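The lines below spell out each chain.
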Amino acid sequence: MTQLERTTGPTPPPSSTLLAWLTVVTGLVSILAVVILSLTHNTEAAATVGAIGTAVTAIGGVQLGMRNRQ
């Protein structure tokens, strides 16, 4: 029987993993908040939360992309 040897790549530092999770969670929470606020007819608040969530997610994604290239 042959032995399966798996070579793994370098593991990402914990800070980039945490940043990735925070970026995903922020995006999901902002989408959920926009849906709830829209359903309750708070369009101004939904637009504000959507803009803030989009900005935070975009900034986190850019930082994550820069960290992965180093």
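Presented here is an overview of the structure given in this document. Note that this is a predicted model, so its numbers are computed, not measured. (Residues numbered from 1 in each chain as written. Predicted model: local features only at pLDDT ≥ 70, side-chain atom pairs only at ≥ 80, totals over all residues. Heavy atoms only, no water.)

**So, the overall build of the chain**
- Scanning the chain for helices and strands turns up 2 helices and 0 strands.
- Buried residues in the chain amount to 13% of all 70 residues.
- A total of about 5900 Å² of accessible surface is found on the chain, and carbon and sulfur atoms cover 69% of it. (Helix = DSSP H or I, 4+ residues; strand = E, 2+ residues; numbered from the N terminus. Buried < 20%, exposed > 50% of the residue type's maximum accessible area, 1.4 Å probe, protein only. Areas by Shrake-Rupley, 256 points an atom, 1.4 Å probe, with all protein chains shown as cover.)

**Describing the side chain of Thr23**
- Topologically, Thr23 is positioned in helix H1 (residues 14-39).
- When its relative accessible area of 12% is taken as the criterion, Thr23 is described as buried.
- Excluding its chain neighbours within four sequence positions, the residues that come into contact with Thr23 are Thr57, Gly60 and Gly61. (Contact = heavy atoms within 4.5 Å.)

**Some remarks on unusual backbone geometry**
- Its identity as a non-glycine residue notwithstanding, His41 has a phi of 65°, on the positive side.
- The residue His41 is located in the loop between H1 and helix H2 (43-69) in this model.
- Among the residues examined, His41 registers a relative accessible area of 70% and is labelled exposed.

**Some thoughts on a nonpolar patch on the surface**
- Among the surface-exposed residues, Val24, Leu28, Ile31, Val35 and Leu39 lie close enough to one another that they form a single nonpolar patch of about 500 Å² accessible area.
- With respect to the secondary-structure elements, Leu39 resides in helix H1.
- Look at Leu39 and you get exposed, because its relative accessible area is 66%. (Patch = residues over 30% accessible without salt bridge, like charges linked within 9 Å, V, L, I, M, F, W, Y side chains within 5 Å. Salt bridge = Lys/Arg side-chain N within 4 Å of Asp/Glu carboxyl O.)

**Overview of the environment of Thr26**
- The topology assignment puts Thr26 in helix H1.
- Relative accessible area serves as the criterion here: at 27%, Thr26 is assigned to the partly exposed category.
- Discounting residues that sit within four places of it in the chain, Thr26 has contacts with Val56 and Thr57.
- Of the polar contacts made by the side chain of Thr26, one reaches the backbone oxygen of Leu22; its length is 2.7 Å. (Polar contact = N/O pair within 3.5 Å; in protein donor to acceptor, adjacent residues only side chain to side chain.)

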